[in-house]
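Commentary on secondary and tertiary structure
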Protein chains: 2
Amino acid sequence: MSEKYHPLSSETVPAYVHSRLELRQMFEKDEALETAEVGDGNLNLVFKVWSKADPTRTVVLKQALPYVRLVGDSWPLPTDRARIEAAALAVQARLVPPHIPRVYFYDPEIYLTVMQNLNDHIIMRKGLIQGIKYPRFAEHIGLFLARTLGRTSDLVLDYKTKKEQVARFINPELCKITEDLVFTEPYRYAERNRYHKEIEPQVLALQADEALRVEVAQMKEKFMTHAQALIHGDLHTGSLMVNQTDTYAIDPEFAFYGPMAFDIGAVIGNLFLSYASHEVRTADPDNRADFRRYLTESIIQLWQVFEREFQTIWDEVDPINMPKGYQRAYMLSLLQDSAGMGACKMMRRVIGLAGVEDIRGIEDVHERSIAASLALNIATALLKQRRDFHRIQDLVELATACRP
Amino acid sequence: MSEKYHPLSSETVPAYVHSRLELRQMFEKDEALETAEVGDGNLNLVFKVWSKADPTRTVVLKQALPYVRLVGDSWPLPTDRARIEAAALAVQARLVPPHIPRVYFYDPEIYLTVMQNLNDHIIMRKGLIQGIKYPRFAEHIGLFLARTLGRTSDLVLDYKTKKEQVARFINPELCKITEDLVFTEPYRYAERNRYHKEIEPQVLALQADEALRVEVAQMKEKFMTHAQALIHGDLHTGSLMVNQTDTYAIDPEFAFYGPMAFDIGAVIGNLFLSYASHEVRTADPDNRADFRRYLTESIIQLWQVFEREFQTIWDEVDPINMPKGYQRAYMLSLLQDSAGMGACKMMRRVIGLAGVEDIRGIEDVHERSIAASLALNIATALLKQRRDFHRIQDLVELATACRP
């Protein structure tokens with residue numbers, strides 16, 4: 001770790017901000033600043049800073065802590081992830097500028113990124129819990145996925161750049177978190193699992209399901225060995241900042257060269273988690289059906305936008321080396337693997353250490369167990385039957401036929 | 001490139017050898033040395049050096065040239081591959097010491113490795129052309145494959161070491177050679193293709209076969225993205241030094257983290273190339289059948305030894321994370337992918353820039369075209385029907401049913 005490293009605090013942030021030339025256009029010399037620590041993730045300090053005189057002049061400071069915040073300093077975590085995140089944001093910003101927060105600078109001495117304050121946006125997960133629809137989200141995220149994944153892969157990058165990028169984004173510690181929490185612990189007894197008691201029988205049955213564990217092991221192997229594209233690595237609805245017109249993907253500190261399907265599956269899986277939660281969350285059946293239709297239509301739309309945008313990449317590549325039949329097989333295995341990866345992401349959120357508010361936040365025990373059970377049933381079906389999927393509608397039809 | 005780099009010559013080798021402390025136990029100070037340049041590969045200088053007084057005291061010097069020797073200095077090639085080769089030899093020597101030449105030292109300033117002179121061994125390809133059987137080869141190479149592949153994979157290495165090794169063995173220029181010469185050029189018109197005129201109709205038909213090109217594209221994608229194990233990367237019978245009792249794998253300068261099946265397929269594919277050549281090479285039908293049976297039995301035996309040795313790795317890993325059904329699926333896709341990779345290696349050797357003596361060395365035009373045609377037919381069958389293979393015998397049965 002850098003010798004100059006020290007965690008910032010609300011007290012020290014203003015002096016730090018004033019010391020940086022990169023922010024002289026934003027803030028006047030020594031003007032009064034307000035600051036608030038707002039980090040609700042597990043791994044970092046996050047400060048909002050704004051001018052007392054004009055709160056529209058504002059930035060966010062994100063600083064990596066050398067341990068997992070959720071657990072404490074007994075779980076150390078290298079700060080190299082801050083470099084990875086800054087580098088991934090730079091790559092993504094070149095490919096889909098409207099969907100990446102603007103980065104002012106990265107300070108490698110204290111593992112800190114200063115970026116745009118997305119003040120007019122909320123974490124998508126919180127919006128979905130409240131039943132808010134985001135009409136532009138599916139289009140935006142389909143575009144984000146096609147460009148950030150397709151254009152960092154061997155389909156577009158020359159052989160040398162691709163391989164140098166693989167080395168640059170080697171991210172062992174953060175990958176290990178995913179390997180453990182997404183692909184290992186939920187499917188066996190593990191001390192860190194945190195499911196609610198009422199779903200224990202279903203969890204134990206799932207953990208005893210040999211066929212399911214074979215499928216999970218195959219997904220884990222792909223995650224660990226398939227260096228296909230620079231993936232975000234943690235693209236759940238808590239990493240999306242949205243409003244009615246904009247969509248931003250934030251927090252790519254888990255980025256590395258991995259399977260495209262892990263990102264696509266993360267989005268789809270989290271929309272299905274929301275879908276499962278709205279089995280009980282919305283009291284009025286009409287609103288419920290309407291909101292769930294919004295969710296499933298978003299899944300269909302985001303895949304269709306992804307496919308359409310990805311086609312522009314196929315149109316650029318050499319059709320002799322990449323014949324049509326190959327392109328079809330490639331897109332089909334993306335679809336099927338996305339179902340499998342999404343399923344693992346769903347199961348970990350119900351069974352594993354880091355749950356999601358959509359389901360764990362349901363107060364009534366009975367209702368919560370209905371939502372959790374439905375989520376596990378959808379995930380199991382998506383994982384086991386993924387080889388039968390040929391269109392995105394197949395995933396939606398199977399999921400919506402599931403019962404708690 | 002290092003500023004001290006200069007290519008050695010037979011004249012400068014003795015002084016260099018005497019200047020190195022690492023060789024003081026081998027050669028006496030300033031004793032008379034003989035030297036000969038023996039490189040017959042495409043990329044390097046290779047010198048044998050021995051004591052004039054006692055020729056059993058001998059070493060080999062292998063120095064990377066900054067261009068492809070076969071083509072000349074119009075095709076520059078980074079000397080970083082010498083570092084890769086020395087590092088790969090060190091990893092392999094720890095895992096299968098009897099099958100790796102002893103390395104005395106690597107000199108990073110002039111990209112030179114000094115190693116054991118395998119004076120009592122010949123290049124296996126040359127022996128096979130003469131119809132010589134190597135009874136221990138299959139057992140040795142099965143062991144080599146299981147240990148070097150299995151024990152550099154995620155099955156054995158901890159998460160961090162594996163990922164650091166991936167970065168350390170990033171090898172863009174040498175991978176690019178394989179991407180072009182094995183997976184791209186043979187299947188389309190390419191200036192560097194060098195097949196004999198008499199098989200042109202078959203080559204053109206193969207290049208027009210869309211279904212075949214889809215399969216090749218999938219093999220190429222695996223080669224480029226599947227960071228499964230530290231593979232040798234060029235394990236044809238010209239990279240094996242053998243005699244009746246020993247087997248050595250040499251020249252791992254193409255090493256990188258890639259698919260295990262590429263190495264396994266390279267060995268199998270080159271044995272099938274020999275098999276195809278002995279359709280015409282051996283005049284006496286009895287000897288022919290006998291030698292070809294040796295070749296196919298070697299293929300079966302090396303896979304069986306590989307499988308048995310790999311089982312010792314499975315026995316060490318956690319059976320809950322790696323259930324039996326997963327292990328079976330893993331070995332099955334290794335078998336099927338090895339058939340596909342081996343097929344591509346066969347086709348490139350008949351159609352592409354770097355041919356093999358087994359077939360291109362046949363003087364009679366008619367006989368040569370029979371062997372080449374049979375090799376292409378076996379390769380096409382192995383590639384297209386690989387998903388039907390469940391046992392190693394299935395490959396052999398299909399191949400031996402092929403006709404020129």
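Our subject in this report is the structure included herewith.

1. With respect to the environment of H196(A)
All names here are of chain A. On the secondary structure map, H196 appears in the loop between α6 (172–181) and α7 (200–207). For H196, a relative accessible area of 26% corresponds to the partly exposed category. Sequence separation of H196 and R368 is 172 residues, and the distance between their C-alpha atoms is 8.9 Å. For H196, the contacting residues outside a window of four places in its chain are R360 and R368.

2. Notes on unusual backbone geometry
Residues and elements named next belong to chain B. Positive phi is not limited to glycine here, since Y111 has a value of about 55 degrees. Tracing the sequence through the fold places Y111 in the loop between β6 (103–107) and β7 (112–116). Relative accessible area serves as the criterion here: at 11%, Y111 is assigned to the buried category. Positive phi outside glycine occurs at D251, with the angle close to 60 degrees. Take D251: it is sitting in the loop between β11 (247–249) and β12 (256–258). Residue classification places D251 among the partly exposed residues on the basis of a relative accessible area of 24%.

3. Notes on the packing of helix α9 (residues 260–277) of chain B against helix α14 (residues 392–401) of chain B
The description of two helices packed together rests on the angle between their axes and the distance between the axes. All names here are of chain B. Closest axis-to-axis distance for the α9/α14 pair is 12 Å, and the angle between their directions is 30 degrees. By the angle between their directions, the pair α9 and α14 is classed as roughly parallel. Considering how the two elements wind past one another, α9 and α14 form a crossing that is right-handed. In this structure, α9 contributes I268, F272 and Y275 to the contact, and α14 contributes I392, L395, V396, A399 and T400. Split into classes, the residues belonging to the contact of α9 with α14 amount to seven nonpolar, one polar and no charged.

4. Structural notes on the environment of Y294(A)
Residues and elements named next belong to chain A. Tracing the sequence through the fold places Y294 in helix α10 (residues 285–314). Between the C-alpha atom of Y294 and that of Y275, which follows or precedes it by 19 residues, the distance is 9.4 Å. Not counting residues within four places of it along the chain, the set of residues in contact with Y294 comprises M124, L128, K133, Y134 and F137.

5. Remarks on the relation of the copies chain B and chain A
Each copy of the sequence occupies a distinct position, and chain B is placed on chain A by a rotation of 180 degrees and an axial shift of 0.0 Å, giving an RMSD of 0.0 Å. The transformation just described matches what one would write down for a two-fold rotation axis. A shared binding surface is used by both copies, with 100% of the interface residues of chain B retained as interface residues in chain A.

6. A short note on the interface of chain B and chain A
Each partner contributes to the interface: chain B provides 37 residues, whereas chain A provides 37 residues. Roughly 3,300 Å² of surface becomes buried between chain B and chain A when both sides are summed, with 58% attributable to carbon and sulfur atoms. In this assembly, chain B and chain A are joined by six salt bridges. The tally of links between chain B and chain A comes to 20 residue pairs in polar contact (both at pLDDT 80 or more). Looking at the side of chain B that touches chain A, the element that brings in the most residues is helix α8 (residues 210–225) of chain B, giving nine residues. Looking at side-chain class alone, the side of chain B that touches chain A contains 16 nonpolar, seven polar and 14 charged residues.

7. Observations regarding the sheet that holds strand β10 (residues 240–242) of chain B
Residues and elements named next belong to chain B. Sheet architecture is open: three strands sit in the order β8-β10-β11, paired in antiparallel fashion. Each having just a single partner strand, β8 (122–123) and β11 make up the two edges of the open sheet. Where β8 lies against β10, two bridges are found, and the strand directions are antiparallel. Of the residues in β10, the one forming a bridge with I123 is M241. On top of the sheet, helix α4 (residues 137–150) reaches β10 and β11; it is set at about 35 degrees to β11, its chief contact.

8. Description of the packing of aromatic side chains
All names here are of chain B. Counted by the stated rule, this structure contains 27 aromatic pairs over all chains. Ring centres 5.9 Å apart and planes at 45 degrees place the aromatic pair F183 and F262 in the tilted group. Taken as a pair, F183 in the loop between α6 (172–181) and α7 (200–207) and F262 in helix α9 lie far apart in primary sequence, 79 residues in all. The same class applies to F183 as to F262, namely buried. Aromatic side chains W303 and F306 sit 5.2 Å apart centroid to centroid with 40 degrees between the ring planes, which places their arrangement in the tilted category. Of this pair, W303 and F306 both sit in helix α10 (residues 285–314), three residues apart, which is roughly one turn of that helix.

Calculation rules
- All residue numbers here refer to positions counted from 1 along the written sequence of the relevant chain.
- Throughout, the order in which chains and ligands are written sets their labels, letters from A for the former and numbers from 1 for the latter.
- Since the coordinates come from a predicted model, pLDDT governs what is reported: local features require at least 70, and pairs of side-chain atoms require 80 or more to be given and counted, while whole-chain, interface and lining totals use all residues.
- Note: side-chain values were computed over all heavy atoms of the structure, leaving out hydrogens and water.
- Numbering of helices and strands runs from the N terminus, with a helix taken as a DSSP run of H or I at least four residues long and a strand as a DSSP run of E at least two residues long.
- Classification of residues uses two cut-offs on accessible area relative to the type maximum, computed with a 1.4 Å probe and protein chains only: under 20% is buried, over 50% is exposed, and between them is partly exposed.
- Contact definition: two residues touch when any of their heavy atoms are within 4.5 Å.
- To get an axis, fit a line to the C-alpha atoms, keeping to the stretch in contact for a helix; angles then go from 0 to 180 degrees between the N-to-C directions.
- Roughly parallel means an angle under 35 degrees; roughly antiparallel means over 145; roughly perpendicular covers 65 to 115; every other angle is labelled oblique.
- Should the near helix be turned anticlockwise from the far one by less than a right angle, the crossing is left-handed, and should it be turned clockwise, the crossing is right-handed.
- Each residue is assigned to one of three groups, with Ala, Val, Leu, Ile, Met, Phe, Trp, Tyr, Cys and Pro labelled nonpolar, Asp, Glu, Lys and Arg labelled charged, and all others, Gly among them, labelled polar.
- When the copies are overlaid, the least-squares fit takes in C-alpha atoms only where the residue has pLDDT of at least 70 in both copies.
- Here the quantity called buried area is the accessible surface, traced with a 1.4 Å probe, that two parts lose on coming together, added over both.
- Salt bridge, as used here, is a side-chain nitrogen of Lys or Arg placed within 4 Å of a carboxyl oxygen of Asp or Glu.
- Any N or O atom pair separated by 3.5 Å or less is treated as a polar contact, with the protein-specific requirement of one donor-capable and one acceptor-capable atom, and with residues adjacent in sequence counted only for side-chain atom pairs.
- DSSP bridges decide pairing: two strands pair if at least two such bridges lie between them.
- For Phe, Tyr and Trp, rings pair up if their centres lie within 6.5 Å, where Trp contributes its six-membered ring, and each pair is then called stacked (planes under 30 degrees apart), edge-to-face (over 60) or tilted (otherwise).

Any link to function would need more than the numbers given here.
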